[in-house]
Amino acid sequence: MKLMEAAPPISKKGVSQAGTQVRFAGLSDTGKVRSINQDSFFVDFLAEKGLMAMVADGMGGHKNGEIASRMAVDAVTESFKQEKLLAPMAIAKAVHLANKSIYDYAVKLTGRQGMGTTLTLLYIDDQVGLVGHIGDSRAYLIRQTHIKQISHDHSWVADRVRQGVLTEFEARHHHWRNVITNALGTTEEVKLDLSHITLKDNDRLLLCSDGISTLFNDEELKHIASHFEPEEAVKRLIDGANERGSPDNATAIVLHIERIVHCPKPYGLPREGTEPKSLKISENHDGLSELEESFPASGFMMQLRSQAWYPFRFWLLGCFSLLLLFLFFSFR
């Protein structure tokens, strides 16, 4: 079995500053058919922040997909580490910058047009799990005896299932099952789904590319992710995919939430179970204001900082001071 270059350690346990404990592991493999691995992944605690996990499945021909998926993971990680915005806004901005990086790279170089990638990410901020999603890689929540897909596939067959045209079984075996309707880096504008879950002790989470989700049913995924520790679970998923012929690259990240410490967040959350917030983010950051409505800043100072006039506060204060001086001398 071959680990991707620049992949994180196969297994690592960390403790966030606030005390939330998560054990996690990630693994990726080329598979039995493909000659190159176009999947990329990242999972680790970020300095002074929570835990970030990402799976990206590249597309666009030989080498292009590999480059796109790696650019996506690297760009989101670096942007999010440096960003001072609230976590939901920081995720959206990081995804936008990753989209721009891939798109600009493809435009400048001959033969790179059409390259892109899926991206499914999970950011664990103590008791809050923020899920960002583009494409048909997946995120699952395993809680007690239940498994739930918490990302919505952006694919032709998934759209038909939601419309009632196809059943889940028909979609799984349809010859257009690999046709995706949304990808990162293929256009100047990116469409991002952002949702959240409230985490509990002993939750398990699985992020994977379609090289895993197309070969295992939900019950199999639940059994493996919930009965084995993350490092063993990801190995069993990859080994199982290869035993079944593994026609695509296969990548899996499994996280075990060992202990949650609840901490107040500087942002509000939509009602649990609501549909993901779907944003179209363009070059001038259109769409981010919609996100602020779904994840509003909490606390007086945070709400002040979210106001459109806040960056101009010193200029406004200066103008107000001059007005007071003018009025003072006018009425002397």
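That block above? That's the structure.
Predicted model only: the values in this text are computed from it and were never measured.

The next subject is the packing of aromatic side chains. Counted under the stated rule, the structure contains 2 aromatic pairs. Aromatic side chains Phe24 and Phe45 sit 6.0 Å apart centroid to centroid with 65° between the ring planes, which places their arrangement in the edge-to-face category. A residue pair is termed long-range when its members are at least 10 positions apart, and Phe24 in strand β2 (residues 21–29) and Phe45 in strand β3 (residues 39–45) qualify at 21 residues. This pair shows no difference in class: Phe24 is buried, exactly as Phe45 is. The aromatic ring of Phe80 is capped on one face by Lys49, whose charged end is 5.1 Å from the ring centroid. Its end group placed over the ring of Phe216, Arg244 keeps NZ or CZ at 4.4 Å from the ring centre.

Packing of helix α1 (residues 64–82) against helix α2 (residues 87–108) brings their axes to within 8 Å, and their N-to-C directions diverge by 145°. When you trace α1 past α2, the crossing you get is right-handed. The residues of α2 that touch α1, namely those facing Ile67, Ala68, Met71, Ala72, Ala75, Val76, Ser79 and Phe80, are Ala87, Ala90, Ile91, Ala94, Val95, Leu97, Ala98, Ser101, Ile102 and Tyr105. Broken down by class, the residue content of the contact of α1 with α2 amounts to 16 nonpolar, 2 polar and no charged.

Cut-offs used in this document
Residues numbered from 1 in each chain as written. Predicted model: local features only at pLDDT ≥ 70, side-chain atom pairs only at ≥ 80, totals over all residues. Heavy atoms only, no water. Phe/Tyr/Trp six-rings, centres within 6.5 Å; stacked < 30°, edge-to-face > 60°. Helix = DSSP H or I, 4+ residues; strand = E, 2+ residues; numbered from the N terminus. Buried < 20%, exposed > 50% of the residue type's maximum accessible area, 1.4 Å probe, protein only. Lys NZ or Arg CZ within 6 Å of the ring centre and 35° of its normal. Axes fitted to C-alpha atoms, helices over the stretch in contact; angles between N-to-C directions. Left-handed = near helix turned anticlockwise from the far one by under 90°. Contact = heavy atoms within 4.5 Å. Nonpolar A, V, L, I, M, F, W, Y, C, P; charged D, E, K, R; others polar.

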